[in-house]
Every structure is written in C-alpha cells, then in structure tokens.
Amino acid sequence: MISKLQIEHVTHLFPAPEGGDLKVLEDVSFDVGAGEFVSIIGASGSGKTTILRIIDRLITPTEGSIRIDGELIVRPGGKISFVFQRDSLWPWRTVLGNAVYGLEIRKVSRPEAEERARYFLDLVGLGGFENYFPHQLSGGMRQRVNFARALTVDPDILLMDEPFASLDAQTREIMQLELLRIWEETGKTVLFVTHQIDEAVFLADRVVTLSARPGSFPHRLVSRRRL
Ligand SMILES: Nc1ncnc2c1ncn2[C@@H]1O[C@H](COP(=O)(O)OP(=O)(O)OP(=O)(O)O)[C@@H](O)[C@H]1O
C-alpha cells in the first residue's frame, strides 16, 4: 500500500479551563493508503475531531507530525478538504454560490469555478438546484452541497467529521451509498469519523478505533468491506 497520509506519534494537550492541561491524544500513529477509505470510531470526547483538525492543520499538535505523500505538512489547505458534522453553508449564497467558495479563495476564474462547481453539484445529485438558497433545501441536500463544495477544489484527501450525524436514518443510508459511489468514481482518499460502528464497517476498507481519552490506538479493528 502506498501511503497517502501518515500520522506519526501525535500527542495533543489542550489547556483545561480549570487550569493545567487536558491530554486528548497520546502517541497516535497510523497510515492511510492512497485511495483508501478509513473510518475512525471512538467514544465521545476521545479526540476524533481533534485528530482531523490536526491533520488539516487547523491545530498544531503538541507533539508528532503529519505527512502527505511523504512530505511534512505545516500549514492548512492544499490537498485536503474538510466536510463538517453540520452543514456550514452561507445562508445568503445560492447552492452554486456556496459550491464555488473554495475555488474563489483559490482565485480560480469565475467561469471555470462555476463549471467545476456545476459538475460536482451534478455528481452529488443537485443538478437543477443551483439557484436555490440553503433554507430551501432539505438537510440531506444541504450536506450534498457541503460535499460538492469539498470536492470542487479537487482534494486528494477528504476528511469527513460525522457528516451524516444530523440526518434521519433513511437519508443517511442514501447519503452513505452516494458517498461510496462518488468515492469509487473519484478515487479520493477518505478519512471518515463516526460514532456508529455499523456505519464505519459498512463504508470503510478499514476501521481504526480510538480509545477513551487520551485517545490512542490500542486496537485495530479491520474490516474489509467490498461487498
Ligand atoms: N479548543 C479546545 N480547547 C480545550 N479543550 C478542547 C478543545 N477542543 C476539544 N477539546 C476537548 O478535547 C476532547 C476531545 O474533543 P473532540 O471534539 O476531539 O472529541 P470527539 O471524539 O470528536 O467527540 P464527539 O464524538 O463528541 O464529537 C474533549 O474533552 C474536548 O472537551
């Protein structure tokens, strides 16, 4: 397996409100192969979101390092897109306006940005909804826009933090299947955080379990999905 992403001996402490430090992660190391779909499961508070934020360099770890394609990552952006637990769309922008955002900040010309955004909106099943505003969409549709926005910048790695947690069971199932279809079509490397073991096992090539805080990886539950 060629490593796309390497998490090496990551330990993280946050300052605790009552003083001192809270150790959230302890010596976490794992690799994710190119094109692999890996799920992370773990109890609430075990540091799942923190590890994604460290990988995206929204947080600098107290110790340890992150490599992509063997290169040390020291600042955010570049090859990674983050899909958050709750949709983070701007209410005053249309679906298309939201989907082009990542390209806008990368200074891609408007016509090219719109063309790419339309392509990914189609891919997530939202062709025809470009001019809708977020409040005119269902929760599942808003998460699709979120997902399209993450894909438009053509990331190598998608970090997904419980992206379907707020959806009802039926929409969640549909979105899981859509995610697998899109993953198979695009070949992205996916790191997917969830509370739910069944979701993790269904989606992923491999599932890693994070122990209760401080999160570490004592067990490695391996699931070989591919139905
Ligand atoms: N900015 C911060 N400052 C201080 N403590 C923080 C900060 N962010 C997270 N924490 C603490 O770190 C621990 C892990 O948080 P994190 O959000 O990574 O957990 P999680 O496994 O994603 O939880 P959940 O499944 O509930 O979303 C928690 O105890 C939380 O209170």
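The structure displayed is predicted, hence computed values, not measured ones.

## Examining the sheet that holds strand β5 (residues 71-72)
Taken in spatial order, the 4 strands line up as β2-β1-β4-β5 in an open sheet, and their pairing is antiparallel. Two strands in the sheet have a free side with no partner beyond their single neighbour: β2 (21-33) and β5. Relative to β5, strand β4 (residues 63-68) is paired through 2 bridges, and the arrangement is antiparallel. Among the inter-strand pairings, arginine 67 is bridged to a residue of β5, identified as leucine 72.

## What about helix α5 (residues 139-152)?
Counted at 1.5 Å a residue, the expected span for α5 with its 14 residues is 20 Å, and the 20 Å between its end C-alpha atoms agrees. The element α5 is largely enclosed, with a buried count of 11 among its 14 residues. Listing the buried residues of α5 in full gives Arg142, Gln143, Arg144, Val145, Asn146, Phe147, Ala148, Arg149, Ala150, Leu151 and Thr152. Against β6 (80-83), α2 (95-99), α3 (101-105), α4 (110-123), β7 (157-161) and α6 (169-186) lie the buried residues of α5. Just past α5, the residue aspartate 154 takes up positive phi, approximately 55°.

## A short note on the confidence of the model for the protein chain
Taken residue by residue, the protein chain gives an average pLDDT of 87. The fraction at 70 or more is 91%. If you check the scores for this complex, the pTM reads 0.87 and the ipTM reads 0.96.

## Considering the sheet that holds β7
Overall, parallel pairing links the 5 strands, which are arranged β6-β7-β8-β3-β9 in an open sheet. A strand with exactly one partner marks an edge of an open sheet, and here the two such strands are β6 and β9 (206-210). The average undirected angle you get between the axes of adjacent strands in this sheet is 20°. The strands that α5 touches are β6 and β7; relative to β6, the one it contacts most, it runs at about 175°.

## Here's the deal with the pairing of strand β3 (residues 37-42)
Of all 6 residues making up β3, 6 are buried, and the element is well covered by its neighbours. Burial of β3 is two-sided: the residues Phe37, Ser39 and Ile41 facing one way and the residues Val38, Ile40 and Gly42 facing the other way are all buried. Alignment of β3 against strand β8 (residues 189-194), held across 5 bridges, turns out to be parallel. The residue bridging serine 39 from the neighbouring strand is phenylalanine 192, located in β8. Relative to β9, β3 runs parallel, the two being bridged by 5 bridges. Residue pairing for β9: glycine 42 is matched across the bridge by leucine 210.

What counts and what doesn't
- Residues numbered from 1 in each chain as written.
- Predicted model: local features only at pLDDT ≥ 70, side-chain atom pairs only at ≥ 80, totals over all residues.
- Pairing = 2+ DSSP bridges.
- Helix = DSSP H or I, 4+ residues; strand = E, 2+ residues; numbered from the N terminus.
- Expected span 1.5 Å × (residues − 1).
- Buried ≥ 20, exposed ≤ 12 C-beta atoms within 10 Å, placed from the backbone.
- Contact = placed C-beta atoms within 7 Å.
- pLDDT = per-residue confidence, 0-100.
- Axes fitted to C-alpha atoms, helices over the stretch in contact; angles between N-to-C directions.

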